[in-house]
Amino acid sequence: MKGKLLGILMFLSLCGAAQVPGYQGLKFSVKYDLGFMHPIFEYRRGTLPLLCHNFSVDYVVSRSVSLGIRYGFMFYKQPPNKLAFNNNVGDLDINPADYLGKYQQHQISFIVKRFYKRKGFIAPVGRYITFGAYYQYATDQTILNTTNYSYPNSKFYFQSFKGTAHFGGVILGIGRNFIVANRVIIDFGGEINFPFAVVSKTASLEKRVTYRDVLYNNLMQLYIGVGMLAF
Amino acid sequence: MRISTLFLFVLLALSTRLSAQFETDYTPVTSKGNLPKDFVTLSSTKYEEARRTVKGDKHSTRKTKEKFLLESSFSIDDVLLSGKVLFNDPMADYVNKVADKVLESEPDVRRQLRFYVYKTTAVNAFSTNQGVVLVTTGLLAQLENEAQLAFILSHEVVHYKEKHAIKKYLESDLISKGKGAYDQLNMEHKLLAKSAFSKEEEKEADEKGLIIFLKSRYSTANLIGVYDVLKYAYLPFDDVVFDKTFLENSTLKFPDDYYKAHTMAIDTKDIEDDDARSTHPSIKSRRDKTLSGIKGADNSGKADYLIGETEFKHVREIARFELCRLYTLHNLYEPGIYTSYMLLKKYPNNLYLKKNVAFCLAGLAQYSNETDFKKVHFDSDSVEGKSQALFYLTFRLDSVKGDMNVVALAYLTKLKNDYPNDAEINEFYKNLMYSLVHQHEMKYSDFRSSAYVAPAHVDSGVQAKPTEVVKAPVEEGKSKYDKLREQQVEVETKKDETGYNFSKYAFVEYMNKDWFKKDFEDAEKEVKKPKAIDIDFVMNSQMDRATERPYSLGYDKIVVVDPIYSRINARKKEKYKYIQSEAGQVDFTERLKSNAKKAKLSLEVLNTKNLQANETEKLNDLAIMDEYITERLSHEKYIDMPYAERERVRAIAKKYNTDYFMWTGTFSLTDRNRWNGLMIMYSIFFPPVWPFTLPALVNGGQYTIYFAMVYDVKTDEVKMATYREINNRTRGYILNSHIYDVFNQIKTKSKKG
């Protein structure tokens, strides 16, 4: 694995121009970003953003370009899912002990950062724009114990379900970073995702709910990160 | 009797030894010993120390005083650390000795003052609020005796004692602001008021300076001539007939009309007191005032020389020798030739002077070759004195393309013949030979190998006019332009057809010498490569970052000369931030060192900040390299001119073990934001952006400019020139990023070789 990684890095370094400075010669960086996504659909969680944990490695390949791979993970507990009930129920006062809602998302992205050479920045320092492509896998799970609830007019669509979704997409973003103590990278920026997935019209409600959750959760991300220039 | 004989013998020996210094060659003076405290203390520290003395004034006065102290502390240090200020050299030592004599009666004042010599052609002396007194080489070169120097120093001492500099600054501030007695003054009257105040100070310095002088043991007998020194400061240090034959040789003779036998007389009229706008009183009034002050002065036991006439003359001679090269390095070639000419009359075997004449001639030739002669030529009609003949001669030589090149090359050929192993002479000689062959397309065969024999009816030096039957020219069918073109061809060919053309006979003595013929052939074969980088092109094109291609120089070591860091806030009244700039310069230097280490590039920095007392050599080296780059950049890119002090530069290159020297710097600039209007509009129509636009509007536009230029001092080639505008506040990590990038390009060797 290590050999493969080195092989990839060597290839990437050859792709770049002859003069690839990096920051004081440091071209490879590791970084953790905390992503904030707006809970467009999950309004019952209040205004708290969804948090995504991104781990990335970047390698400077030219004086204005760095390439990177990012793994992102998001997990949160869902509030009672309204769609689990029919629309006449209104707000339900559900005991949390009777309800389990889980959302998990894994994302792998390939990212190209182009630094604003025209503004005078040299990779990996300064302002940049991001282009990328990603693959996403998410699971959306709801389990409700209905035995304690009797609503004469209510209808439970389902008591439990587990949906999965696969998305691909394109990332566009802007950001900037700065370096402290000659090693530590502080990074912040924002991204817009353009997801792409194929869901059949005849797909089950559970499946469609899952795809919808994933779609809305990932439209936009703001992030702040900390990293380190490794070598 | 025996003691006095011995004394005379010692004096004679000393005098002989001193004059022997100039007989065959001359080495420009440099500072020696340890750096004085003035040179090693940071300007900000000096300012803080001076600021603590400002107490008890009104707030506004205190602020103005602080501003003065800030500006003066930094600007004086700029001069002191320019490398042009000499200490512990014969000139500065002498000036200090004279100062000791002048201030014998005021030891406290003497202790407060430091006297240095400033290498410049200007005839001046000035003192600062901080107690630094600078006497220029231009002044030392012109003085008649030691007493005159003593009087000038007395004058400067008064400026210091009376705190004239700060008083003038405060008064100018009041006048500019129209405060106090200057209320209601218009611009014209404000200007006059400033001049009047300045003149009052000068008068006071003359009067009180005379009191100090009279207290000393210097005689007033030959003092008054000091005003002539000031009056005729614009003239060379002497006025001697310029011998036409100076630039001729046995076969190269200029036509008689090239020589101005009757030169413009020097205007000796005294200007009366129409000095309303001048900062100094008129020379006449000053002279009269001093004359009345010294009237009846008792000169018994006093003398013109207390240190000694021999030492005075020796120091003056050094100053005059220094002037020669200063003129050359500042592209003042004609004054350079004339000054050298005057000294050559006294020291006919001095190589330094001969070389200086050659360098100046080469400079004139190269500018003449490029039809840019006016840039280095003084209008001969406006030159007073006997030196006018030289200015007129060069003017005439420039009038025929190539003649100046031939004359300069003839002079250099003689020097090469006499000093075949001198590298600088050879470099200039080859340079002019190349220009002759390639620019003027002249071949070896174009020059005569025997002296001109004038036809019987023609005097030497006068163009022959062959008898011919004058026919009416055929003009039918010719346009005006055809006729003019014919006329032009006729003028160009006339000399050869009709008689003596001096340029053809410039090398008769050397035509039969093998080396000369070979040099001609070599020049014909030589094809000069275009200079590696055209600076202007790089500077402009690299504004567009996308077009920049990285360099791969493959150098292991460079020397950075005097790195610059300037903090400028264009939105403030006081735009230049002195203290931040100095701190930034220290920090920038450290960044250069740390990034060089990371790029594995060996680096030395010749820096003027944080100098240690034992780093005098470093300051001397820096001065030579700064002079080098100033001279190099003073020429237009199409002027191919070797450097006059190549050997000194080479010695430094050898000392630091590299030929590559870098000039680099950073400007940290705050200016009005370029997009203010747009941001305001946007914010009005879309208020949520206020959190972003408001800080931008308040902070203004922040820009960082970083530049670096690497010179190969062996070949005078610019090996790298980069200019970078970064749209960001000057942050350490941004500077590191760029400095490393540049060093990486210097260090990395191109795979193509």
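Worth saying up front: this structure is predicted, and the values here are computed from it rather than measured.

1. Section: the overall build of chain B
Part 1 of the reasoning: Across its full length, chain B holds 27 helices and ten strands.
Part 2 of the reasoning: Counting across all 753 residues of chain B, residues that qualify as buried make up 52%.
Part 3 of the reasoning: Taking the contacts inside chain B whose residues are at least 6 apart along the sequence as the reference set, 77% of them involve residues at least 24 apart.
Part 4 of the reasoning: Accessible surface computed for chain B: about 36,200 Å², of which carbon and sulfur atoms make up 54%.

2. Focus: the overall build of chain A
Part 1 of the reasoning: Helix and strand counts for chain A stand at two helices and eight strands.
Part 2 of the reasoning: For chain A, the sequential pattern of α-helices and β-strands runs α-β-β-β-β-β-β-β-α-β.
Part 3 of the reasoning: Taken across its 231 residues, chain A has 46% of its residues classed as buried.
Part 4 of the reasoning: Contacts in chain A between residues at least 24 apart in sequence constitute 73% of all its contacts with a sequence separation of at least 6.

3. Remarks on the packing of aromatic side chains
Part 1 of the reasoning: A complete count under the given rule lists 56 aromatic pairs over all chains for this structure.
Part 2 of the reasoning: Judged by centre distance (6.3 Å) and plane angle (55°), the ring pair of Y94 of chain B and F312 of chain B falls under tilted. Residue Y94 of chain B is located in helix α5 (residues 90–102), and its partner F312 of chain B is located in helix α13 (residues 309–329); the two are separated by 218 residues in the primary sequence. Like F312 of chain B, Y94 of chain B is buried.
Part 3 of the reasoning: If you follow K113 of chain A out to its NZ or CZ, it ends over the ring of Y128 of chain A, 4.8 Å from the centre.
Part 4 of the reasoning: Positioned above the aromatic ring of Y392 of chain B is the side chain of K260 of chain B, whose terminal nitrogen or guanidinium carbon lies 4.6 Å from the ring centre.

4. Concerning the side chain of E146 of chain B
Residues and elements named next belong to chain B.
Part 1 of the reasoning: Assignment of secondary structure puts E146 in helix α8 (residues 146–161).
Part 2 of the reasoning: Buried within the structure, E146 lacks any salt-bridge partner; its nearest side chain of opposite charge belongs to K101, at an N-O separation of 7.6 Å.
Part 3 of the reasoning: Not counting residues up to four positions away in its chain, the partners in contact with E146 are Y94, V98, Y218, D304, Y305, L306, I307, G308 and F312.

5. Let's talk about the interface of chain A and chain B
Part 1 of the reasoning: Each side of the interface is counted separately: chain A has 21 residues, and chain B has 25 residues.
Part 2 of the reasoning: Between chain A and chain B lies a buried interface of about 2,000 Å² when both sides are counted; carbon and sulfur atoms form 48% of it.
Part 3 of the reasoning: Of the charged contacts in the structure, one is a salt bridge between R63 of chain A and D741 of chain B, with a shortest N-O distance of 2.3 Å.
Part 4 of the reasoning: On the surface where chain A and chain B come into contact, there are nine residue pairs in polar contact (both at pLDDT 80 or more).
Part 5 of the reasoning: At four residues, the largest contribution of residues to the side of chain A that touches chain B is made by strand β6 (residues 160–180) of chain A.
Part 6 of the reasoning: When its residues are assigned to classes, the side of chain A that touches chain B shows eight nonpolar, seven polar and six charged.

6. Overview of the sheet that holds strand β2 (residues 114–118) of chain B
Residue and element names in this part refer to chain B.
Part 1 of the reasoning: The strand order β1-β2-β4-β3 describes an open sheet built from four strands, whose pairing is mixed. The open sheet is flanked by β1 (85–86) and β3 (125–127), the only strands paired with a single partner.
Part 2 of the reasoning: Bridge analysis of β2 against strand β4 (residues 132–136) gives five bridges, and the strand direction is parallel. Paired with Y116 across the bridge in β4 is L134.
Part 3 of the reasoning: Seen against the sheet, helix α4 (residues 59–80) touches β1, β2 and β4 and runs at an angle of roughly 40° to β4.
Part 4 of the reasoning: Contacting β1, β2 and β4, α5 runs over the sheet at an angle of about 140° to β2.

7. Structural notes on the nonpolar core
All names here are of chain B.
Part 1 of the reasoning: Among the nonpolar cores identified, the biggest contains 142 residues, and L140, L247, F507 and M625 are the most heavily contacted of them.
Part 2 of the reasoning: Sort the elements by how many residues they give to this core and helix α15 (residues 351–369) lands first, with twelve residues.
Part 3 of the reasoning: When neighbours within four sequence positions are excluded, L140 is seen to be in contact with M91, V95, V117, V135, L149, V315, R316 and A319.
Part 4 of the reasoning: Y555, V560, Y565 and V605 belong to the second-largest nonpolar core, a separate cluster that totals 25 residues.

8. Quick look at unusual backbone geometry
Glycine aside, negative phi is the norm for most residues, and most peptide bonds take the trans geometry.
Part 1 of the reasoning: Residue P124 of chain A is reached from A123 of chain A by a cis peptide bond, and omega for that bond is 5°.
Part 2 of the reasoning: Tracing the sequence through the fold places P124 of chain A in the loop between β4 (99–115) and β5 (126–144).
Part 3 of the reasoning: Its identity as a non-glycine residue notwithstanding, A181 of chain A has a phi of 55°, on the positive side.
Part 4 of the reasoning: By the element assignment, A181 of chain A lies in the loop between β6 and β7 (184–196).
Part 5 of the reasoning: Its relative accessible area of 69% is what places A181 of chain A among the exposed residues.
Part 6 of the reasoning: You will see that D562 of chain B, though not glycine, has its phi angle at about 45°, which is positive.
Part 7 of the reasoning: With respect to the helices, strands and loops of the structure, D562 of chain B is situated in the loop between β5 (557–561) and β6 (564–569).

9. Side note on helix α20 (residues 514–525) of chain B
Residue and element names in this part refer to chain B.
Part 1 of the reasoning: Compared with the 16 Å implied by 1.5 Å per residue over twelve residues, the 16 Å span of α20 between its first and last C-alpha is a close match.
Part 2 of the reasoning: Turning to α20, its buried residues are F516, D519, F520 and A523. The buried residues of α20 all sit within an arc of 100° when viewed along its axis, so they share a single face. In α20, the exposed positions angled more than 90 degrees off the buried face are occupied by D514 and K525.
Part 3 of the reasoning: Against the buried residues of α20 lie α17 (403–418) and α18 (423–439).

10. Side note on the packing of helix α25 (residues 676–685) of chain B against helix α26 (residues 690–699) of chain B
All names here are of chain B.
Part 1 of the reasoning: For the pair α25 and α26, the least separation of the axes is 10 Å and the interaxial angle reads 150°. The angle between the axes of α25 and α26 places the two elements in the roughly antiparallel class. The chirality of how α25 crosses α26 is left-handed. Together, N676, M679, I680 and S683 of α25 and W690, T693, A696 and L697 of α26 make up the contact between the two elements.
Part 2 of the reasoning: Taken together, the residues that form the contact of α25 with α26 break down as five nonpolar, three polar and no charged.

11. Quick word on the confidence of the model for chain B
All names here are of chain B.
Part 1 of the reasoning: Residue-level pLDDT values for chain B average 86, and 85% of them are 70 or greater.
Part 2 of the reasoning: Within the model, the stretch residues 458–471 combines pLDDT values under 50 with 15 contacts to residues more than four positions away or in other chains.
Part 3 of the reasoning: The low-confidence segment residues 541–547 (pLDDT under 50) makes 15 contacts with residues lying over four places distant or belonging to another chain.

12. Examining the packing of helix α14 (residues 333–346) of chain B against helix α16 (residues 388–399) of chain B
Residues and elements named next belong to chain B.
Part 1 of the reasoning: Look at α14 against α16: their axes get within 10 Å of each other, and the N-to-C directions meet at 130°. One element, α14, and the other, α16, form an angle in the oblique class. Crossing angle aside, the handedness with which α14 passes α16 is right-handed. For the pair formed by α14 and α16, the contact residues are E334, P335, I337 and Y338 on the first element and L390, F391 and T394 on the second.
Part 2 of the reasoning: Each residue belonging to the contact of α14 with α16 can be placed in one class, and the counts come to five nonpolar, one polar and one charged.

13. Section: the environment of N569 of chain B
Residues and elements named next belong to chain B.
Part 1 of the reasoning: Relative to the elements of secondary structure, N569 occurs in strand β6.
Part 2 of the reasoning: Residue N569 is classed as buried on the basis of its relative accessible area of 10%.
Part 3 of the reasoning: Once the C-alpha coordinates of N569 and D671 are considered, the two residues, 102 residues apart in sequence, prove to be 6.3 Å apart.
Part 4 of the reasoning: Beyond its immediate chain neighbours, meaning those up to four positions away, N569 contacts E574, K575, K577 and T670.

14. Some details on the pairing of β5 of chain B
All names here are of chain B.
Part 1 of the reasoning: Of all five residues that make up β5, five are buried, and the element is covered over most of its length.
Part 2 of the reasoning: Of the two faces of β5, both are covered, the one formed by K557, V559 and V561 as well as the one formed by I558 and V560.
Part 3 of the reasoning: With five bridges connecting them, β5 and strand β7 (residues 602–606) associate as parallel partners. The partner of V561 across the bridge, within β7, is L606.
Part 4 of the reasoning: Here β5 runs beside strand β8 (residues 660–671); their pairing, made up of two bridges, is parallel. Within the sheet, the bridge partner assigned to V559 lies in β8 and is F661.

15. What about a nonpolar patch on the surface?
All names here are of chain A.
Part 1 of the reasoning: On the surface, V112, F131, V170, L172, I192, F194, M220 and L222 cluster together into a nonpolar patch covering about 670 Å² of accessible area.
Part 2 of the reasoning: Those elements that place two or more of their residues in the nonpolar patch are β6, β7 and β8 (220–229).
Part 3 of the reasoning: When you line up the elements, M220 lands in strand β8.
Part 4 of the reasoning: Judged by relative accessible area, M220 falls into the partly exposed class, the value being 42%.

16. Quick notes on the pairing of strand β1 (residues 28–37) of chain A
Residues and elements named next belong to chain A.
Part 1 of the reasoning: Bridging between β1 and strand β2 (residues 50–60) involves ten bridges; their strand directions are antiparallel. If you follow S29 over to β2, its bridge partner there is D58.
Part 2 of the reasoning: In this sheet, β8 lies alongside β1 in antiparallel orientation, the contact comprising nine bridges. Directly across from S29, in β8, lies its bridge partner L229.

Quick notes on the rules
- Residues numbered from 1 in each chain as written.
- Chains lettered and ligands numbered in written order.
- Predicted model: local features only at pLDDT ≥ 70, side-chain atom pairs only at ≥ 80, totals over all residues.
- Heavy atoms only, no water.
- Helix = DSSP H or I, 4+ residues; strand = E, 2+ residues; numbered from the N terminus.
- Buried < 20%, exposed > 50% of the residue type's maximum accessible area, 1.4 Å probe, protein only.
- Contact = heavy atoms within 4.5 Å.
- Areas by Shrake-Rupley, 256 points an atom, 1.4 Å probe, with all protein chains shown as cover.
- Phe/Tyr/Trp six-rings, centres within 6.5 Å; stacked < 30°, edge-to-face > 60°.
- Lys NZ or Arg CZ within 6 Å of the ring centre and 35° of its normal.
- Lys, Arg positive; Asp, Glu negative; His and termini not counted.
- Salt bridge = Lys/Arg side-chain N within 4 Å of Asp/Glu carboxyl O.
- Buried area = accessible area lost by both parts, 1.4 Å probe.
- Polar contact = N/O pair within 3.5 Å; in protein donor to acceptor, adjacent residues only side chain to side chain.
- Nonpolar A, V, L, I, M, F, W, Y, C, P; charged D, E, K, R; others polar.
- Pairing = 2+ DSSP bridges.
- Axes fitted to C-alpha atoms, helices over the stretch in contact; angles between N-to-C directions.
- Core = buried A, V, L, I, M, F, W, Y, C linked by side-chain atoms within 4.5 Å.
- Expected span 1.5 Å × (residues − 1).
- Arc of directions from axis to C-beta.
- Parallel < 35°, antiparallel > 145°, perpendicular 65-115°, else oblique.
- Left-handed = near helix turned anticlockwise from the far one by under 90°.
- pLDDT = per-residue confidence, 0-100.
- Patch = residues over 30% accessible without salt bridge, like charges linked within 9 Å, V, L, I, M, F, W, Y side chains within 5 Å.

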